[in-house]
Amino acid sequence: MRALLVVAGHELRSRLRDGTAPLIALVAPILLATLFGLALGGDDDPPLKATIGVVDLDGGEFPASVQREALNTDELKGVLTFRQYPDEAAARSAVDGGETGAALVFPAGFSEGVGAGRGGKVSVLESPQSPLAGVVARSMVDRISALVEARTLAVRASLEAGVPADRVQLFVEENGAAGPALSLVGDPVAGGRVDLAVHYGAGMAVMFAFFVVGTTARSLLVERQNSTLDRMRAAPVPLWTALVGKSAVGFGLALFSMCATWLSSVLVFGASWGDPLGVFPLLLAHVFAATAIVMLVASRAKTDAQADGYTLGVAFVFAFLGGSIVPVYNLPEWLRGISLITPNGWVSAGLSELAGTGAGPSAVLVPIAVVTGIGVVAGTVALLGFRKGRFA
């Protein structure tokens, strides 16, 4: 334990003495978060608006009910406007021309198919110029799909239970499946409501966590190149002492950096990241994952320069894919799925719940668990790399 404290103390003094800790952990993330917040965030942002076109080729009750329910949803009051179009071609022209941000296309026979248990599919037309409308439209379709599936299963179950075919629809409606009841609380639309000052503050904090831990990984490789680790083992001091001691310092500095950026965002912009009891564990999980991932990089790198390059690449790729730089709802659909393989993506999703919907700590249990799991996997692989002599 004494050797571990000596290693950690030496590492911390080195980071403070050479100026990398104050610069990378405090000055850079706070400065960038503040600049992005002043340029793109703040309380003066125009109110969010979304216009969605509707092509009702069905003419039944289901499309009309969907629109009524959406307009009565608290999260979309004053935000959402529907515009009717006669066919898909007209809606596509309106979307492409910027007249409407997205469009829903209900096919002919949709309500009848749902009522008969055959299901149905609603198409979405989107424009990259109106990401919020696209998010709302996709969120609505997701809910519609869930409702259609539930109705379809209810009809099939009723038929299998012996309910006469001419009474199935009435039977299903009498037992709680009368029509759509949309609830968009917690949907990705919440992410569009997060103040951009919060988004960029969190994004810079998340991205710079990798850079902060990266300075520790670099020093580990420098120690190897200078044969310091060989002398430590000859002492004898086990290799894990250097790994754990330096990793602990990187972890601590990264956590301090994220909390400082969080605090500066609150003080400068008055922007809440959500319930602190949910925010702090989420940041803690991310720092753990970032530390493990950077140590995995160190276990594979041969030189300190190579480790720097790997860390830089990982940090920027994860930041882009995970929504730390560009909001996830602005990314193409296929990239939105990829974002969830990064810890950044899960942190962004968690903060959207906390800051966007006012949800409590329980709303981020899954993101915390996934991010922690990423850290465990990365840390295990890194440890195996070190034990196999890749760092010898």
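Rules used throughout
- Residues numbered from 1 in each chain as written.
- Predicted model: local features only at pLDDT ≥ 70, side-chain atom pairs only at ≥ 80, totals over all residues.
- Heavy atoms only, no water.
- Helix = DSSP H or I, 4+ residues; strand = E, 2+ residues; numbered from the N terminus.
- Buried < 20%, exposed > 50% of the residue type's maximum accessible area, 1.4 Å probe, protein only.
- Contact = heavy atoms within 4.5 Å.
- Phe/Tyr/Trp six-rings, centres within 6.5 Å; stacked < 30°, edge-to-face > 60°.
- Core = buried A, V, L, I, M, F, W, Y, C linked by side-chain atoms within 4.5 Å.
- Pairing = 2+ DSSP bridges.
- Axes fitted to C-alpha atoms, helices over the stretch in contact; angles between N-to-C directions.
- Patch = residues over 30% accessible without salt bridge, like charges linked within 9 Å, V, L, I, M, F, W, Y side chains within 5 Å.
- Areas by Shrake-Rupley, 256 points an atom, 1.4 Å probe, with all protein chains shown as cover.
- Salt bridge = Lys/Arg side-chain N within 4 Å of Asp/Glu carboxyl O.

Asker: Let's hear about the environment of V249: which residues, and what values?
Answerer: Relative to the helices and strands, V249 resides in helix α11 (residues 239-269). V249 gets classed as buried once you look at its relative accessible area, which sits at 9%. Along the backbone, V249 and L12 are 237 residues apart, and their C-alpha atoms lie at a distance of 6.2 Å. Contacts of V249, omitting those with residues within four sequence positions, involve A8, E11, L12 and T216.

Asker: So what's going on with the packing of aromatic side chains? Which residues, and what values?
Answerer: For the structure shown, the criterion picks out six aromatic pairs. Here F36 and Y200 contribute two aromatic rings whose centre-to-centre distance is 4.8 Å and whose plane-to-plane angle is 15°, an arrangement assigned as stacked. Of this pair, F36 sits in helix α2 (residues 20-40) while Y200 sits in helix α9 (residues 196-225), and the two are 164 residues apart along the sequence. Of the residues examined, Y200 reaches a relative accessible area of 9% and is grouped as buried. Every member of this aromatic cluster is reached through a ring pair, and the members are F208, F211 and F316.

Asker: So what's going on with the environment of L57? Which residues, and what values?
Answerer: Structurally, L57 can be placed in the loop between β1 (50-56) and α3 (61-71). Placed 53 residues apart in sequence, L57 and F110 show a C-alpha to C-alpha distance of 8.4 Å. Residue contacts for L57: discarding those within four places in its chain leaves P86, F106, P107 and A108.

Asker: Give a detailed account of the nonpolar core, specifying residues and quantitative values.
Answerer: Burial of nonpolar side chains together is a common tendency in soluble globular proteins. Within the largest apolar cluster, 56 residues are counted, with the highest numbers of intra-cluster contacts made by F208, M258, W273, V279 and L351. Mapped onto this core, the elements with two or more residues apiece are α2, α9, α11, α12 (276-300), α13 (304-321), α15 (343-357) and α16 (365-387). The element that contributes the greatest number of residues to this core is α9, accounting for 15 residues. V279 has contacts with W262, W273, G274, L351 and L354, leaving out every residue within four places of it along the chain. Residues V54, A70, F82 and F106 belong to the second largest nonpolar core, which totals 20 residues.

Asker: Quick rundown of the sheet that holds strand β3 (residues 102-106)? Include the residues and the values.
Answerer: With respect to topology, four strands assemble into an open sheet ordered β2-β1-β3-β4, the strand pairing being mixed. With partners counted over all chains shown, the strands left at the sheet margins are β2 (80-85) and β4 (123-126), one partner each. Taken over all neighbouring pairs, the strand axes of this sheet differ in orientation by 25° on average, direction set aside. Relative to β4, β3 is paired through four bridges, and the arrangement is antiparallel. Residue pairing across strands places A103 opposite L125, the latter belonging to β4.

Asker: Which residues make up a nonpolar patch on the surface, and what values do they have?
Answerer: A contiguous nonpolar patch, built from L23, V27, L31, L32, L35, F36 and L40 and spanning about 580 Å² of accessible area, is present on the exposed surface. Inspection of the secondary structure puts L23 in helix α2.

Asker: Can you break down the side chain of S247 residue by residue, with the values?
Answerer: For S247, the position within the fold is in helix α11. Those residues within four positions of S247 in sequence are excluded, and the remaining contacts are T216, T291 and M295.

Asker: Please set out the pattern of salt bridges residue by residue, giving values where relevant.
Answerer: The final tally for this structure, using the stated rule, is four salt bridges. When the shortest N-O distance is used, the salt bridge between R92 and D96 registers 3.3 Å. Taken together, the positions of R92 and D96, both in helix α4 (residues 88-96) and four residues apart, correspond to about one turn of that helix. Close ionic contact of D308 with R218 constitutes a salt bridge, the shortest N to O distance being 2.8 Å. Here the residue D308 occupies a position in helix α13, and R218 occupies one in helix α9, the gap between them amounting to 90 residues. We classify R218 as partly exposed; its relative accessible area is 35%. Connected through salt bridges with shared partners, the residues R218, D304 and D308 form a single ionic network.

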